[in-house]
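Given next are the chains, with one letter for each unit.
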Amino acid sequence: MAGHLLKNCAAVIVDEGNGATVRRNVDLLTDGPAIKAIGENLAAGPGVQAQDATGWFVYPGLVNTHHHFFQCFVRNRADLDWTKLSVIEWLDRIYPVFSQLNEECFYHSSVTAMAELIKHGCTTAFDHQYNFPRHAGKRLIDRQFEAADLLGMRFHAGRGGNTLPKSEGSTIPDAMLETTDEFIADCARLIDTYHDAEPFSMRQVVVAPCQPVNCYRETFVESAALARDRGVFLHTHVGEGESPVIEARHGMRTVDYLEELGFAGPDAFYAHCWELTHDELKTMAASGTGVSHCPEPVYLVGAEVTDIPAMAASGLRIGLGCDGAASNDNSNLMHCLHSAYMLQCLVASTRKNPVPDPAAFLGYGTTGGASLLGRSDIGRLAPGMAADLFAIDTRRMDYVGTRHDPLSLIPRVGVGMATDMTMINGRIVWQDGAFPGLDEAKLAADAEAALTTVRF
């Protein structure tokens, strides 16, 4: 793999392990999948492709830590309005729609979501794929890895699943139901087939039962046992309106329930957590369990703004996620950085702890996400780190008056357009409005054709 030399970058966000800093008017050199050097007057050796980066702000690639790609086929549906429903009621409405998707829908929705993520600076994506309709078969995550290969995305596949029948209190249609044995067996198959723990890995697998409210107790116990036996991470939904249900069933709220089951620790991270008490946040922090904050669903849930200041004060590891399109109709993680910061400002006067600085939110979307996924090779720009980055040409009216503070620019001001370039593992996967070597119009047409095969 050839290297790249970005000449005369206006700013590069550098982090050599001691926090992000801004370096002005420097070059950035890559060698294969890694960053080789960041400094002044770097030379392009044989086989290195040099390009002028004057005016560019270069950032570490964003790390998405919670999503549901398959939901991209259920977007812009005003009739599915969960502002008028509880989360559980909304799930009862939406799951029958999800259960109709076929294998081609799962593939093309993954291409759709990853393409949008890449356009907006995301270089590593975790997807929580918990929807396995019987008619669609078991090779849905295999097709997701195929989609990731097509676009060049660094992909962590969360193999989700639901095991509790609707007759016993879940929200899952029978068509989406699996047994615990089925679920665990397919997790093991995927780990054996795809999981790569080596540096610069492009494929990893996470054991991710959908949510405690829709699974048997033993599903979570066996998930934790398998993950620890194979050295992979754990994920699920927590604190998303289900805690009272779990308490009624098991005599304790979700955080304590999962702690009791062993589904907690530095190899586990939960999505959402907006309804958790400060004591529950401290419990998570004590075990090392992380949280993927998904800010944009907060607009739709309308319940409360996740207490990020309390999470930060508790020492919780925090990452950011888009969440699925059923509660966020885009796959734009960069926009989530802005939403996350602005939502905290909205409720700042009601909180005990101050809102973290805007730069902290950039950190949640980069080093924070890398930490949740157990990656020490991504999330920062420094020699030896993965060459995962994106660039914004700031020589535009949009950025007048903002360029003095690149660290705060995205969270505080927001970026309303695609990146000028996105690089993953040393390969340019998006530049000048195009995916090199791919026909975006055909990708979109193929995805739309797959959508028409399903009737909602």
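Refer to the structure printed above.
This structure is a prediction, so every number in the text was calculated from the model and none was measured.

Chemist: Give a description of the overall build of the chain that names residues and reports values.
Modeler: Check the secondary structure of the chain and you find 14 helices and 16 strands. Since a compact globule built from 456 residues should have a radius of gyration of about 23 Å, the 21 Å found for the chain is in line with a globular shape. Along the three orthogonal principal directions, the C-alpha set of the chain runs to about 65 × 50 × 45 Å. For the chain, the residues scored as buried account for 61% of the 456 residues in total.

Chemist: Just give me the short version of the side chain of Thr180, but keep the residues and values in it.
Modeler: Within the secondary structure, Thr180 is located in helix H4 (residues 180-194). Overall, Thr180 belongs to the buried group, its relative accessible area being 9%. In this view, Thr180 contacts Thr163, Glu218, Thr219 and Glu222; residues no more than four positions away in its chain are not counted.

Chemist: Tell me what's going on with helix H2 (residues 103-119), and back it up with residues and numbers.
Modeler: If you check H2, its first and last C-alpha atoms are 25 Å apart, about what 17 residues at 1.5 Å a residue would give, namely 24 Å. Counting buried residues along H2, 14 of its 17 residues qualify, which places the element largely inside the surrounding structure. Its side-chain oxygen placed 3.2 Å from the backbone nitrogen of Glu104, Asn102 serves as the N-cap of H2. Phi turns positive, to about 90°, at Gly121, one or two residues after H2.

Chemist: Talk me through the packing of helix H3 (residues 140-151) against H4; I want residue IDs and the actual numbers.
Modeler: Look at H3 against H4: their axes get within 10 Å of each other, and the N-to-C directions meet at 30°. Put simply, H3 runs roughly parallel to H4. For the pair H3 and H4, the crossing hand works out as right-handed. Packed against H3, whose contacting residues are Ile141, Asp142 and Phe145, the element H4 presents Arg189, Leu190 and Tyr194 at the interface.

Chemist: Give me the packing of aromatic side chains: which residues, what numbers.
Modeler: Per the stated rule, a full pass over the model turns up 14 aromatic pairs. Aromatic side chains Tyr59 and Phe390 sit 5.2 Å apart centroid to centroid with 15° between the ring planes, which places their arrangement in the stacked category. Placement of the pair is Tyr59 in strand S5 (residues 56-60) and Phe390 in strand S14 (residues 389-393), with a sequence separation of 331 residues. Overall, the relative accessible area of 0% leaves Phe390 in the buried class. On the numbers, 5.5 Å between centres and 75° between planes, the contact of Tyr341 with Phe361 is edge-to-face. Taken as a pair, Tyr341 in helix H11 (residues 333-346) and Phe361 in helix H12 (residues 358-372) lie far apart in primary sequence, 20 residues in all. By relative accessible area, which is 8% here, Tyr341 ends up buried. The buried category is assigned to Phe361, whose relative accessible area is 0%. What links up through ring pairs into an aromatic cluster is the set Phe70, Tyr95, Phe98, Phe106 and Tyr130. Note that Arg143 overlies the ring of Tyr107, its terminal NZ or CZ placed 4.5 Å from the centroid. Here the guanidinium or amino end of Arg159 rests over the ring plane of Phe132, the centre of that ring lying 3.6 Å away.

Chemist: With reference to specific residues and values, describe the pattern of salt bridges.
Modeler: Where charged atoms from two side chains of opposite charge approach closely, those side chains can pair. On inspection of all chains with the given rule, the structure shows 25 salt bridges. Arg75 is paired through a salt bridge with Glu116; the nearest N and O atoms lie 3.4 Å apart. One end of the pair, Arg75, is in the loop between strand S6 (62-64) and helix H1 (87-98); the other, Glu116, is in helix H2, with 41 residues separating them in the sequence. Judged by its relative accessible area of 29%, Arg75 is partly exposed. For Glu116, a relative accessible area of 18% puts it in the buried group. The partner of Asp446 in a salt bridge is Lys442, with the nearest N and O atoms 2.8 Å apart. Placement of the pair is Asp446 and Lys442 together in helix H14 (residues 440-451), with a separation of four residues, close to one helical turn. For Asp446, a relative accessible area of 29% gives the class partly exposed. When its relative accessible area of 48% is taken as the criterion, Lys442 is described as partly exposed.

What counts and what doesn't
Residues numbered from 1 in each chain as written. Predicted model: local features only at pLDDT ≥ 70, side-chain atom pairs only at ≥ 80, totals over all residues. Heavy atoms only, no water. Helix = DSSP H or I, 4+ residues; strand = E, 2+ residues; numbered from the N terminus. Rg over C-alpha atoms; globule rule 2.2 N^0.38 Å. Buried < 20%, exposed > 50% of the residue type's maximum accessible area, 1.4 Å probe, protein only. Contact = heavy atoms within 4.5 Å. Expected span 1.5 Å × (residues − 1). Polar contact = N/O pair within 3.5 Å; in protein donor to acceptor, adjacent residues only side chain to side chain. Axes fitted to C-alpha atoms, helices over the stretch in contact; angles between N-to-C directions. Parallel < 35°, antiparallel > 145°, perpendicular 65-115°, else oblique. Left-handed = near helix turned anticlockwise from the far one by under 90°. Phe/Tyr/Trp six-rings, centres within 6.5 Å; stacked < 30°, edge-to-face > 60°. Lys NZ or Arg CZ within 6 Å of the ring centre and 35° of its normal. Salt bridge = Lys/Arg side-chain N within 4 Å of Asp/Glu carboxyl O.

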